[in-house]
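In case you want the letters, here they are:
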Amino acid sequence: MDRVKLTIDGRAVEVPAGTTIYKAAKELGIDIPILCYMDLKDLNIENKPGGCRICVVEVEGRGNLASSCSTNVAAGMVVKTNSMRVINARRTVMELILSDHPKDCLSCAKSGNCDLQDMAVKLGIREIPGQEYAEMSTYRLDTSPSIIRELDKCIMCRRCETMCNDFQTVGALHAVNRGFESVVAPAFEMNLEHSPCTYCGQCVAVCPTGALTEVDHTSKVISALNDPTKTVVVQTAPAVRAALGEEFGMEPGTRVTGQMVSALRQLGFDYVFDTDFAADLTIMEEGTELLGRLTRFMEGDEEVKLPILTSCCPGWVNFFEYNYPEMKEIPSTARSPQQMFGSIAKSYFAEMIEVDRKDMVVISIMPCLAKKYECQREEFSVDGNPDVDYSITTRELAHLIKQANLDLAKLDSDDFDAPLGESSGAGVIFAATGGVIEAATRTAYEIYTGKVLEKVDFEQLRGMEGIRSAKVDFDGQEINIGIAHGLGNARKLLDDVKAGKSQYHAIEIMACPGGCIGGGGQPLHHGDASILKARARAIYAEDRDKPIRKSHENPYIKKLYEEFLGEPMSEKAHELLHTHYFDKRKKIFQV
Ligand code: SF4
């Protein structure tokens, strides 16, 4: 590749042709300030609209300033990144952005974690001239079950649009309107509920302002904890324990399972349980369904639907309900672990402790925004009483812990309560891409072959590549497995299934990068693979440390079947643990 020599701030540098000035400056250790630009290298995603113009630089011989994120280097170019003209231009740009921005930093959900706020500090903005232009845009608020859009806080950086379209291929967000009315919004009725949005929350994870935030349920949790008539039960998803510590300054991948349990107990939850228990239950149901379909397939049943698709990710469920409704018979009917947990907590466990389900509040702590939507789906309630009342994210839990003045790092380790707090290592690995299918393989292998697995670690199912495939030998019967994380990758596998070209018996799909460890409700990771890998390592370490590593060996799961459910896929199990899917387009557009 041709190389280009140029000078930046008086220092010579040589870079490949086609490099932007911004990246060439980085080679010299010069950090040009950026706002709209986003480079998620590990996800192969780059957002460089050159729109905000915070990254402008002076190029000798050029009349106007150049946005460094979208201007390529040229031979002999002389660039200044820090001249007074540049600094003045950046401040002016920032003042203009702020002149049309709400001044509610004190109560904004992003306060303290806002790129716009940080940039205002960095550029030394102390007053905002041109106040006569203030808030020219028409104030609009769009509330969905999972995500809130405060459109007057949109600065048109278009990062969300890039994540929604380029990475996820969801197509819910696009730039619309002009001038002060320009925003990134769903195309049809300008609200997320009437759009293809999956609520994966990846747009929220990259928004540099408070324009996109999660629906905050922490005040509802506080109310429940303060209500003496309620028994408040909490479940924690596996991915939370591998990331919560980051909100308290710990290194990515620090396991805080015991301290998290301790914090939840101090917050006043009556029972601290683990979604991993329900992940084990998911394997019992989904694994049985997989084996049932495989057996029928091998017996020559032409009606059987293969590949079976995992169904524990509600972002993914929303995606196929909108994009592939004609294939809605293919995914497993098993509910997600969050919903299995809620259903069992408000039936089996409520009976056990003699509490009416209406007096029990089930809270879930999830890495996920789609779970907020999922627990509001009508089919997951009994007479209007939801199986899971509120779902809060890892970030929201961190806020609650901080509000209670608890220092996570200093808390003693504590254990989950029984019976719904006991889990196998297989339940834990649901957090990482490939983990659900590995957990299912551990159980399905032993049930199918009648043999004990010599090695429970299926390394071939692990990794961070967006699409992976592996073959697992079930004692002479080869099982083909596909894995995808990120909905753009999922779409590729699904298109093959739709075209009848898929060779897989089973496919695991998770909507977020790296699976739930990179969920939209986790501490922000900006697609950084080193953070995602550290979290995944923590998850696999937790699995290794568990005395039981296969779901079907969890003694409390066995007891649940003996005392309450009967067999996997029994009528009762179907009623409490399985679901059905909708054509979401029909549902949204009422056709
Ligand atoms: Fe939620 Fe996990 Fe799916 Fe992301 S991958 S949408 S965090 S369930």
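The structure under discussion appears in the preceding block.
Here's what I pulled together on the structure shown here. Predicted model, so just to flag it, every value in this text is computed and none were measured.

### Details of unusual backbone geometry
Okay, so step 1: The linkage connecting L306 with the following residue, P307, adopts the cis geometry, with an omega of 0°.
Okay, so step 2: As for its position among the elements, P307 is in the loop between α8 (275-298) and β15 (308-309).
Okay, so step 3: Backbone torsion omega between A418 and P419 reads 5°, so that peptide bond is classified as cis.
Okay, so step 4: Here P419 shows up in the loop between α12 (394-403) and α13 (425-428).
Okay, so step 5: Non-glycine residue N405 carries a positive phi angle of around 65°.
Okay, so step 6: You can see N405 is positioned in the loop between α12 and α13.
Okay, so step 7: Residue N405 is classed as exposed on the basis of its relative accessible area of 71%.
Okay, so step 8: Unlike most non-glycine residues, D475 shows phi in positive territory, near 55°.
Okay, so step 9: Mapping D475 onto the fold places it in the loop between β20 (467-474) and β21 (477-485).

### Re the site of the ligand
Okay, so step 1: For the ligand, the full set of nearby residues is C313, P314, G315, P367, C368, M510, A511, C512, G515, C516 and G519.
Okay, so step 2: Across the shell around the ligand, the residue classes tally to eight nonpolar, three polar and no charged.

### Examining the sheet that holds strand β16 (residues 360-366)
Okay, so step 1: The parallel open sheet is built from four strands, whose spatial order is β14-β13-β16-β19. Each edge of the sheet is formed by a strand with only one pairing partner; in this case those strands are β14 (271-274) and β19 (390-393). The average angle at which neighbouring strand axes cross in this sheet is 25°, direction not considered.
Okay, so step 2: As defined by bridge partners, strand β13 (residues 231-236) adjoins β16 across six bridges and the pair is classed as parallel. Considered in β16, the bridge of T231 is made with M360.
Okay, so step 3: Of the strands in this sheet, β13, β14 and β16 are in contact with α8, which crosses β14 at around 40°.

### Some remarks on the pattern of salt bridges
Okay, so step 1: Applying the stated criterion across every chain yields a total of 42 salt bridges.
Okay, so step 2: In this structure, R357 engages D387 in a salt bridge whose closest nitrogen and oxygen atoms are separated by 2.8 Å. Of this pair, R357 sits in the loop between α10 (337-352) and β16 while D387 sits in the loop between β18 (385-386) and β19, placing them 30 residues apart in sequence. Across this residue pair, the class does not change: R357 and D387 are buried.
Okay, so step 3: Across the pair D543 and R442 runs a salt bridge, and its minimum N-O distance is 2.9 Å. Placement of D543 in helix α16 (residues 529-545) and of R442 in helix α14 (residues 435-449) is noted, with a sequence separation of 101 residues between them.

### What to know about the layout of surface pockets
Okay, so step 1: Reported here for the largest pocket is a volume of approximately 620 Å³.
Okay, so step 2: Forming the boundary of the largest pocket are 22 residues, of which Y22, I34, Y37, M38 and D39 lie nearest the centre.
Okay, so step 3: Listing elements by their share of the lining of the largest pocket, those giving two or more residues are α1 (21-27), β3 (38-40) and α3 (115-122).
Okay, so step 4: At four residues, the largest contribution of residues to the lining of the largest pocket is made by α3.
Okay, so step 5: Its residues placed into classes, the lining of the largest pocket shows nine nonpolar, two polar and 11 charged.
Okay, so step 6: Approximately 510 Å³ is the volume found for the second largest pocket.
Okay, so step 7: Around the second largest pocket, the lining is made up of 26 residues, and of these I97, D100, C154, I155 and M156 lie nearest the centre.
Okay, so step 8: Here the element with the most residues in the lining of the second largest pocket is helix α2 (residues 84-99); it accounts for four residues.
Okay, so step 9: Residue classes in the lining of the second largest pocket are distributed as 14 nonpolar, six polar and six charged.

Rules of the game
- Residues numbered from 1 in each chain as written.
- Predicted model: local features only at pLDDT ≥ 70, side-chain atom pairs only at ≥ 80, totals over all residues.
- Heavy atoms only, no water.
- Helix = DSSP H or I, 4+ residues; strand = E, 2+ residues; numbered from the N terminus.
- Buried < 20%, exposed > 50% of the residue type's maximum accessible area, 1.4 Å probe, protein only.
- Near = heavy atom within 4 Å.
- Nonpolar A, V, L, I, M, F, W, Y, C, P; charged D, E, K, R; others polar.
- Pairing = 2+ DSSP bridges.
- Axes fitted to C-alpha atoms, helices over the stretch in contact; angles between N-to-C directions.
- Contact = heavy atoms within 4.5 Å.
- Salt bridge = Lys/Arg side-chain N within 4 Å of Asp/Glu carboxyl O.
- 1 Å grid on protein atoms, 1.4 Å probe; cavity = no way out; pocket = protein on both sides within 12 Å on 5 of 7 lines; lining within 4 Å.
- Points joined across faces, edges and corners; volume = space filled by probe spheres on them.

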